[in-house]
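# Understanding the architecture of this molecule
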Amino acid sequence: DLSEISLFNITNNTIQPKKYKYKTTGFLTKSRRSQEFDWTEKKLWIPNKDAFAEYELPKNLQDNLSYQEQIRIDLLAGHTKFDYPIAYKNRLKHYYFELVGESQIKTKQGPINAIQVKQTQLKSKKESTRIWYAKDYEYVLLKLVKVKANGDKNAILLKDAQIGGQTLQGF
């Protein structure tokens with residue numbers, strides 16, 4: 001089992017993470033990590049290490065989950081390319097994405113018009129991250145598929161959502 005939680009504020013259409021937690025159980029590595037963002041001091045507290053990260057929080061910083069919602073907000077604003085600094089463990093990463101097209105995704109509800117976004121500038125050509133957002137439902141995330149360089153594949157699939165008074169049934 002894998003659990004990720006991101007708590008954040010949204011100001012001027014920009015997400016500002018507050019806390020991030022990641023936990024695995026069962027056959028996975030039983031990994032845990034968390035982050036606490038102090039925007040006043042521009043520091044990142046890492047409770048598992050009992051230390052602050054060795055960098056100052058940059059503008060538009062996202063955590064390892066909140067960037068997915070930031071892409072949705074940026075899609076609503078009409079953007080087609082996205083880049084974000086990401087707080088990952090004790091270091092900064094930078095993620096780049098671009099809109100690559102539209103397609104229909106088959107769900108329990110039937111076909112849904114989707115916008116596909118892919119991650120660019122990856123270290124390995126064997127890696128990929130693709131995210132599909134529901135075009136007619138305020139770009140809610142429908143599906144995310146991540147393939148690692150070693151071939152491991154992970155997916156996030158929307159179960160269901162309430163969007164503007166409408167129910168969206170996913171997978």
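A brief look at the structure comes next. (Residues numbered from 1 in each chain as written. Predicted model: local features only at pLDDT ≥ 70, side-chain atom pairs only at ≥ 80, totals over all residues. Heavy atoms only, no water.)

## Comments concerning the packing of aromatic side chains
The condition is simple: Ring pairs shown here join Phe, Tyr and Trp side chains whose ring centres sit within 6.5 Å, with only the six-membered ring taken for Trp; geometry is labelled stacked below 30 degrees between planes, edge-to-face above 60, and tilted in between. Accessible area is worked out with a 1.4 Å probe on protein chains only. A residue is then buried under 20% of its type maximum, exposed over 50%, and partly exposed in between. Geometrically, a lysine NZ or arginine CZ counts as sitting over a ring once it is within 6 Å of the ring centre and also within 35 degrees of the ring normal.
The tally for this structure, following the rule as stated, stands at 5 aromatic pairs. Between Phe37 and Trp39 the ring centres are 6.3 Å apart and the planes differ by 10 degrees, which places this aromatic pair in the stacked class. According to the relative accessible area criterion, Phe37 is buried, its value standing at 9%. Classification of Trp39 as partly exposed rests on a relative accessible area of 21%. Judged by centre distance (6.2 Å) and plane angle (75 degrees), the ring pair of Tyr95 and Phe97 falls under edge-to-face. The pair formed by Tyr95 and Phe97 is uniform in burial state, with each residue classed as buried. An aromatic cluster is defined as three or more aromatic residues linked by ring pairs; in this entry it consists of Tyr67, Tyr95 and Phe97. Here the basic side chain of Arg33 rests over the ring of Tyr22, its NZ or CZ set 4.1 Å away from the ring centre. For the cation-ring pair, Lys43 lies above Phe52, with the distance from its terminal atom to the ring centre recorded as 5.0 Å.

## Concerning the nonpolar core
For soluble globular proteins, the rule of thumb is that nonpolar side chains tend to be buried together. Heads up, the condition is: The definition of a nonpolar core used throughout is a set of buried Ala, Val, Leu, Ile, Met, Phe, Trp, Tyr and Cys residues joined through side-chain atoms within 4.5 Å. Only DSSP runs of H or I covering at least 4 residues are called helices, and only runs of E covering at least 2 are called strands; the numbering of each starts at the N terminus. The contact criterion used is simple: two residues touch if any of their non-hydrogen atoms lie within 4.5 Å.
Tyr67, Ile71, Leu75, Phe97, Val117, Ile131 and Tyr133 are the most contacted members of the largest nonpolar core, which totals 15 residues. Counting only elements with at least two residues in this core, the list comes to α1 (66–76), β6 (81–88), β7 (91–107), β8 (110–120), β9 (128–134) and β10 (140–147). Excluding anything up to four places from it in sequence, Ile71 contacts Phe82, Tyr84, Phe97, Val117, Ile131 and Tyr133. Counting 13 residues, the second-largest nonpolar core is a separate cluster that includes Ile112, Val145, Leu158 and Ala161.

## With respect to the side chain of Thr107
Applied cut-off: Definition of a polar contact: a pair of N or O atoms within 3.5 Å, with one able to donate and the other able to accept a hydrogen when the atoms are protein atoms, and with sequence-neighbouring residues admitted only if both atoms are side-chain atoms.
Inspection of the secondary structure assignment puts Thr107 in strand β7. On the basis of relative accessibility, which here comes to 12%, the residue Thr107 falls in the buried class. Separated by 2.6 Å, the side chain of Thr107 and the backbone oxygen of Gly110 make a polar contact. In this view, Thr107 contacts Ile112, Gln169, Gly170 and Phe171; residues no more than four positions away in its chain are not counted.

## Examining the pairing of strand β11 (residues 153–157)
In the case of a regular strand, side chains alternate between the two sheet surfaces. This is how it is decided: When DSSP finds two or more bridges between two strands, those strands count as paired.
Bridge count between β10 and β11: 5 bridges; the pairing is antiparallel. Considered in β11, the bridge of Val147 is made with Lys153. Between the end of β10 and the start of β11, which pair antiparallel, lie 5 residues, with Gly151 showing a positive phi angle near 95 degrees.

## A look at the sheet that holds β11
Going by this rule: Note on method: axes are straight lines fitted to C-alpha atoms, helices fitted across the in-contact stretch only, with angles between N-to-C directions ranging 0 to 180 degrees.
Pairing within the open sheet is antiparallel, and its 6 strands lie in the order β6-β7-β8-β9-β10-β11. What marks the edges here is a single partner per strand, and that holds for β6 and β11. The sheet shows a mean angle of 25 degrees between the axes of neighbouring strands, taken without regard to direction. Bridge analysis of β8 against β9 gives 5 bridges, and the strand direction is antiparallel.

## Here's the deal with the layout of surface pockets
What counts here: Using only the protein atoms, space was sampled on a 1 Å grid; points where a 1.4 Å probe fits but cannot get out form cavities, open sets with protein on both sides within 12 Å along at least five of seven lines form pockets, and lining residues are those with an atom within 4 Å of a point. Grid points are joined across faces, edges and corners, and a volume is the space filled by probe spheres set on the points. Only Asp, Glu, Lys and Arg are considered charged, only Ala, Val, Leu, Ile, Met, Phe, Trp, Tyr, Cys and Pro nonpolar, and every remaining residue, Gly among them, polar.
Its volume calculated, the largest pocket comes out at about 1,400 Å³. Lining the largest pocket are 46 residues; nearest its centre among them are Glu4, Asn64, Lys146, Lys148 and Asn154. Listed by contribution, the elements that provide at least two residues to the lining of the largest pocket are β1 (2–11), β2 (14–24), α1, β7, β8, β9, β10 and β11. Its residues assigned to classes, the lining of the largest pocket comprises 19 nonpolar, 14 polar and 13 charged. Roughly 150 Å³ of volume is contained in the second largest pocket. Around the second largest pocket, the lining residues are Tyr20, Ser31, Arg32, Arg33, Ser34, Gln35, Ile46, Asn48, Lys49, Lys89 and Asn90. Per element, the largest residue contribution to the lining of the second largest pocket is 4 residues, and it comes from strand β3 (residues 32–38). For the lining of the second largest pocket, the class distribution of residues is 2 nonpolar, 5 polar and 4 charged.

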